[in-house]
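# Observations on the three-dimensional arrangement
Here is how the chains run, residue by residue.
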Amino acid sequence: MAVFTTVSPEEASALVQRLQLGTLVDLRGITSGIENTNYFVTAEREGRRTEYVLTLFERLGFEQLPFYLHLMKHLAGRGIPVPDPKADASGEILHAVCGKPAALVDKLRGSHQLAPSNVHCHQVGAMLARMHLAGQDYPRVQPNLRGLPWWVETVPSILPHLDGAQRQLLEDELAFQRSHAQSPAYLALPRGPIHADLFRDNVMFEGDTLTGFFDFYFAGVDTFLFDVAVCLNDWCTDLDSGRLDEGRAQVFVAAYQSVRPLTHDEVRLMPALLRAGALRFWISRLWDFHLPRDAHMLKPHDPGHFERILRQRVETPWHPEP
Ligand SMILES: Nc1ncnc2c1ncn2[C@@H]1O[C@H](COP(=O)(O)OP(=O)(O)OP(=O)(O)O)[C@@H](O)[C@H]1O
Ligand SMILES: N[C@@H](CCO)C(=O)O
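In the annotation of an unreviewed UniProt entry, the chain is listed under the name Homoserine kinase and assigned to Caldimonas caldifontis. Note on the chain: under the UniProt heading Sequence similarities (unreviewed entry), the record states "Belongs to the pseudomonas-type ThrB family." Looking at the Catalytic activity (unreviewed entry) heading of the UniProt record, one finds this comment for the chain: "L-homoserine + ATP = O-phospho-L-homoserine + ADP + H(+)".

Take a look at the structure:
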């Protein structure tokens, strides 16, 4: 489960009061998720109950968090359905709970769509593009902290845990991505703040209607195409084989392009970015699996899933139809 740090009702209550949200009526640990401690918090003010999500950041520090929290506020202010971080009387949205950095945000309505069809992929694609456009005037800058430099730093600690074929694939792909990252076409790709982890479990739907994106704590400034690729590798991928579902992928990209058309080079570089998106999550899953923080509390995601996806993307390059 993902409650690394136990928050007492007294501590939660003090935060709710400091943020002038009324009085605490319920506090429930959330057992899913693998990065942070999360609680559902219910507060009552003037007879009305409102639900929030309290997150205690277990890996990220006070230096990195303002980028994510202010990005959420920026996007929420521009009508993108993302949780709005709550401020105290001085306007501060980054708090401290149990000595850890913490945020309290709106709880989004709805639930995850874990078996998405075209209708869901269409909405995520269009909203992703709206989010990219809305983020373009966001003034803060922080790189994607799970980008190429992190892959280069992390791979040596993972290699001893792999068999020969896996080692070969990981080393070859890292070499390919390092060289690709130097190419003029890659360096000229459109960039801005991206979510970078927009999987099925980070999006909410009510019925078939998208109600929001959350979990911005891997966001960073990177290529928009990387965000599209991360989504295609999850929303439009057959979970058993790792194959891209071309029908859903076309729908996703067409919906994205109805809001923000891809450039010629974005279409051309799609295969390399799909590989980059698969590599990123293969590395992080291997890292969580072989070098866990606390083995008793975590159920790491299966790294083999992204190994399969990476092999598929190398063998079968995919470009969207014009
Ligand atoms: N703003 C929100 N609104 C509604 N539900 C939320 C919200 N934030 C988190 N949740 C719920 O909490 C669960 C765990 O949150 P999350 O996925 O962010 O975990 P995490 O450990 O922080 O990140 P990761 O997804 O990287 O493991 C989600 O699956 C969702 O059910
Ligand atoms: N979305 C990630 C986990 C959290 O970042 C994965 O599926 O590996």
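Moving on to the site of ligand 2. If you check the shell around ligand 2, you find Asp 197, Phe 199, Phe 218, Phe 281, Arg 285 and His 301 and nothing else. Side-chain polar atom of Asp 197 to a nitrogen atom of ligand 2: 2.7 Å apart, as the coordinates give it. One of the side-chain N or O atoms of Arg 285 is found 2.7 Å from an oxygen atom in ligand 2. About the coverage of ligand 2: the protein hides 90% of its 260 Å² of free accessible area. Using a 2 Å cut-off from the grid points, one finds that ligand 2 occupies the largest pocket. Grouping the constituent residues of the shell around ligand 2 by class yields 3 nonpolar, 1 polar and 2 charged.

A few words on the site of ligand 1. Around ligand 1 sit 19 residues in total, of which Ile 34, Glu 35, Asp 106, Leu 108 and Asp 215 are the nearest. Asn 38 has a polar side-chain atom sitting 3.2 Å from an oxygen atom of ligand 1. Calculation on ligand 1 without its partners gives an accessible area of 610 Å², and the protein chains cover 91% of this total. Among the detected pockets, ligand 1 sits in the largest pocket. Going through the elements one at a time, β2 (37-45) and β5 (100-106) are the ones with two or more residues in the shell around ligand 1. Class assignment for the residues of the shell around ligand 1 results in 9 nonpolar, 6 polar and 4 charged. Each of domain 1 (9-106) and domain 2 (118-315) accounts for three or more of the residues forming the shell around ligand 1.

Turning to the nonpolar core, a few remarks are in order. Of all hydrophobic cores here, the largest spans 81 residues; its most connected members are Leu 170, Phe 213 and Leu 232. At 12 residues, the largest contribution of residues to this core is made by helix α9 (residues 264-290). When we break this core down by domain, the ones giving at least three residues each are domain 1 (9-106) and domain 2 (118-315). Not counting residues up to four positions away in its chain, the partners in contact with Phe 213 are Pro 81, Val 82, Pro 83, Leu 108, Val 124, Met 127, Leu 128, Met 131, Leu 198, Asn 202 and Val 203. Counting 17 residues, the second-largest nonpolar core is a separate cluster that includes Ala 12, Leu 15, Val 97 and Leu 104.

Here we take up unusual backbone geometry. A positive phi angle, near 55°, is found at Gln 20, a position not held by glycine. According to the relative accessible area criterion, Gln 20 is exposed, its value standing at 53%. Phi is positive for Glu 46, close to 50°, though the residue is something other than glycine. Relative to the elements of secondary structure, Glu 46 occurs in the loop between β2 and β3 (48-56). Residue class for Glu 46 comes out exposed when judged on its relative accessible area of 80%.

The terminal C-alpha atoms of helix α7 (residues 224-235) lie 16 Å apart, and with 12 residues this matches the ideal 16 Å at 1.5 Å per residue to within 8%. Burial runs high along α7: 12 of the 12 residues are buried. Taken together, the buried positions of α7 are occupied by Phe 224, Leu 225, Phe 226, Asp 227, Val 228, Ala 229, Val 230, Cys 231, Leu 232, Asn 233, Asp 234 and Trp 235.

This next bit is on the domain arrangement of the chain. Taken domain by domain, the chain comprises domain 1 (9-106) and domain 2 (118-315). Using C-alpha coordinates to define each centre, domain 1 is positioned 26 Å away from domain 2. Taken residue by residue, the interface counts 27 residues in domain 1 and 30 residues in domain 2. Its largest share of buried area at the contact with domain 2, domain 1 owes to Ile 34, Arg 59 and Phe 67, together 30% of the area lost on that side. Summed over the shared surface of domain 1 and domain 2, the number is 2 salt bridges.

The rules behind these values
Each chain has its residues counted from 1, following the order in which its sequence is written. Just so you know, chain letters begin at A and ligand numbers begin at 1, following the order they were written in. In view of the model being predicted, local features appear only for residues whose pLDDT reaches at least 70, and side-chain atom pairs are presented and counted only at 80 or more, with totals across whole chains, interfaces and linings using the full set of residues. Each side-chain value is worked out from all heavy atoms of the structure, with water and hydrogens disregarded. UniProt positions are given in the numbering used here, feature names are shortened, and annotations may be inferred rather than shown by experiment. Residues are counted as near a molecule or strand when any one of their heavy atoms sits within 4 Å of it. Whenever a nitrogen or oxygen atom comes within 3.5 Å of another N or O atom, the pair is scored as a polar contact, on the condition that within protein one atom can donate a hydrogen and the other can accept it, and that pairs from neighbouring residues in sequence are kept only if both atoms are in side chains. Computed by Shrake-Rupley with a 1.4 Å probe, the accessible areas treat only the displayed protein chains as cover when residues are assessed. Only protein atoms enter the 1 Å grid, on which a cavity is a set of points fitting a 1.4 Å probe that cannot get out and a pocket is an open set with protein on both sides within 12 Å along at least 5 of 7 lines, lining residues being those with an atom within 4 Å of a point. To qualify as sitting in a cavity or pocket, a molecule needs more than half of its atoms within 2 Å of the grid points. Residues are grouped as follows: Ala, Val, Leu, Ile, Met, Phe, Trp, Tyr, Cys and Pro are nonpolar; Asp, Glu, Lys and Arg are charged; every other residue, Gly included, is polar. Strands are runs of DSSP state E lasting at least 2 residues, helices are runs of H or I lasting at least 4, and numbering of each runs from the N terminus. Note that the domain bounds reflect an automated or database-derived domain assignment. What we call a nonpolar core is a set of buried Ala, Val, Leu, Ile, Met, Phe, Trp, Tyr and Cys residues that are connected through their side-chain atoms within 4.5 Å. For the exposure calls, accessible area comes from a 1.4 Å probe over protein chains only, and a residue counts as buried if that area is under 20% of its type's maximum, exposed if over 50%, partly exposed in between. Whether two residues are in contact is decided by their heavy atoms: any pair within 4.5 Å suffices. To estimate the expected span of a helix, count its residues, drop one, and scale the result by 1.5 Å. Buried area: the accessible surface (1.4 Å probe) lost by two parts on joining, summed over both. We count a salt bridge whenever a side-chain nitrogen from Lys or Arg sits within 4 Å of a carboxyl oxygen from Asp or Glu.

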